[in-house]
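Observations on the model geometry
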Amino acid sequence: MPESDSTSQSPAWSVAGVKRPEGPGDARPERALLERVRARDPEALGEFYEQYVELVFGLAWRMLGERVLAEDVTSDVFLKVHRAADRLDPSRDPAPWLVTITTNACRDLWRSGAWRMRRRAADVDDPATAAVLSTGRDDPEQDVLASERERLVQAALLELPEPLRTSIVLHDYQGLDHRQVAEVLHIAHDAARKRYSRALTALEQKLRGRL
Amino acid sequence: MSHADEHGTDPGSRAIRDAVGARSHPRLDATFRARLKQDFMSGRLGPLRVPAPRVPWRPALWLPVAAGLVVVAGLFANRGPDWRVVSAHGEGRVRVGAASFAPEEREKLAAALRRGGELGIEGAVTLDLVAPGAMAVTLGPGTQLALPASPGRWWSRAVRARVRAGDAYFTTGRAFHGARLSVSTPEVDVLAVGTAFAVLRHEDGSCVCVMEGRVSVAKRSGGEAVDVPEGMRRVVSVSGEAETLPILEDSRHRLHQQRSSAGRTLDR
């Protein structure tokens, strides 16, 4: 398993934002592809990137609420993947590992002074935010309502303490179950469940009467 | 997985979960996406963009450590002066605990009893000790004494010595002010608050001789404590009989001697 921030990978993981190869059978990338990623074959790296970049960026964006920071984290995650490629285990699904290092990179950012400085200057009403969020609907009125709803949820999410925010993003947005969240955050299964409950309560309090 | 049925089923909770779940998927900027892909494929990725996290200051961790350091520093600063050997002469040996020293081995002797200890004078040795500024003790031949550490500067100001046998002469110094010295023998308990006195313990009983100030002497067998004024001595026999008499010239002389040898060190 590459890098110290990795976690044990479960073949049963199904992570939102992963572009899976079409066709029946196991949704994990082919072992052959991961073998080539290990060898840093450019073509395989490109394929790997296409499969996972949206997962990494989506997760980072939901965690950070800002496009530029999410792009920075995405760059960092792929830099780490490139550096650690030779330690990739082709028999395991790389998605949990990517979720873990993305989550850790976001947490590093939160704990750095840079995050606090950016947060003072950043605004969730930033037009860039609207551009990133694409509902894909043709109804302008629905789009406005959905956009407003998104803005409120994202703003409330960013107000949550870091552990609670991570819990909501991994569980509700990324689609991980509590066991998987516990693996990513290195906490007990029960602790992950309780943390999610507290996160949901806190989010409810912030959004009550506003949705 | 379906978590809707696990965490709150009221309409408010459901609305929140729906709102979270309905959020759209953010899309990566096409230009950035393409550039990052090229960099990833070619391995031309630059240094990490996210700064290393600052190590958070953890008061919960540091406060006990700081408090511990303050306590240790306080205990160290409170320590009274170490005992020093002013003179040791005569034939015989001085025992400190299990160790035994010749009178000439003053440095070793001083190192052994810096913070006090069980002292025994074997043979015809006279030992003069001083805790600078606080207290001086002279031990005559055959004396067995539990010597306490000198009194602390701010707290632990009460010290207790025990004379099992022989003659012990005590003189307190300026730094002793406010401290309490109690000396016990099998027959008496002596309490002094800044004075010069001797406690002589022999087979037939104990004698407390006061050259300066006033000490309180209580029989261990019971009864009221008696204040012994300057120039007087209190004699308590093994059988419990007690009387107060004028101090003997020899005791006065010995206490004068002690004052003259340790007076400067005691800052009297």
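Residues numbered from 1 in each chain as written. Chains lettered and ligands numbered in written order. Predicted model: local features only at pLDDT ≥ 70, side-chain atom pairs only at ≥ 80, totals over all residues.

1. Details of the pairing of strand E5 (residues 144-147) of chain B
Residues and elements named next belong to chain B. Of the two faces of E5, the one lined by Leu 145 and Leu 147 is fully buried and the one lined by Gln 144 and Ala 146 carries no buried residue. As defined by bridge partners, strand E3 (residues 117-131) adjoins E5 across 4 bridges and the pair is classed as antiparallel. Within the sheet, the bridge partner assigned to Gly 117 lies in E5 and is Leu 147. Where E5 lies against strand E6 (residues 158-172), 3 bridges are found, and the strand directions are antiparallel. Each residue of the ladder has a partner; that of Leu 145, found in E6, is Val 163. (Buried ≥ 20, exposed ≤ 12 C-beta atoms within 10 Å, placed from the backbone. Helix = DSSP H or I, 4+ residues; strand = E, 2+ residues; numbered from the N terminus. Pairing = 2+ DSSP bridges.)

2. Observations concerning helix H9 (residues 178-185) of chain A
Residues and elements named next belong to chain A. Within H9, 7 of the 8 residues are buried, which leaves it mostly tucked inside the rest of the structure. Of the residues making up H9, those classed as buried are His 178, Gln 180, Val 181, Ala 182, Glu 183, Val 184 and Leu 185. The inward-facing, buried residues of H9 contact helix H4 (95-111), helix H8 (162-173) and helix H10 (189-207). Phi for His 186, located one or two positions after H9, is positive at around 55°. (Contact = placed C-beta atoms within 7 Å.)

3. Some words on the packing of helix H2 (residues 42-64) of chain A against helix H3 (residues 67-83) of chain A
Residue and element names in this part refer to chain A. H3 packs onto H2 with a crossing angle of 135° between their chain directions and a minimal axis gap of 8 Å. If you check the angle between H2 and H3, you find them oblique. The chirality of how H2 crosses H3 is right-handed. Between H2 and H3, the residues in contact are Tyr 49, Val 53, Val 56, Phe 57, Ala 60, Trp 61 and Leu 64 and Arg 67, Leu 69, Ala 70, Val 73, Thr 74, Val 77 and Phe 78, respectively. Classifying every residue of the contact of H2 with H3 by side-chain character gives 12 nonpolar, 1 polar and 1 charged. (Axes fitted to C-alpha atoms, helices over the stretch in contact; angles between N-to-C directions. Parallel < 35°, antiparallel > 145°, perpendicular 65-115°, else oblique. Left-handed = near helix turned anticlockwise from the far one by under 90°. Nonpolar A, V, L, I, M, F, W, Y, C, P; charged D, E, K, R; others polar.)

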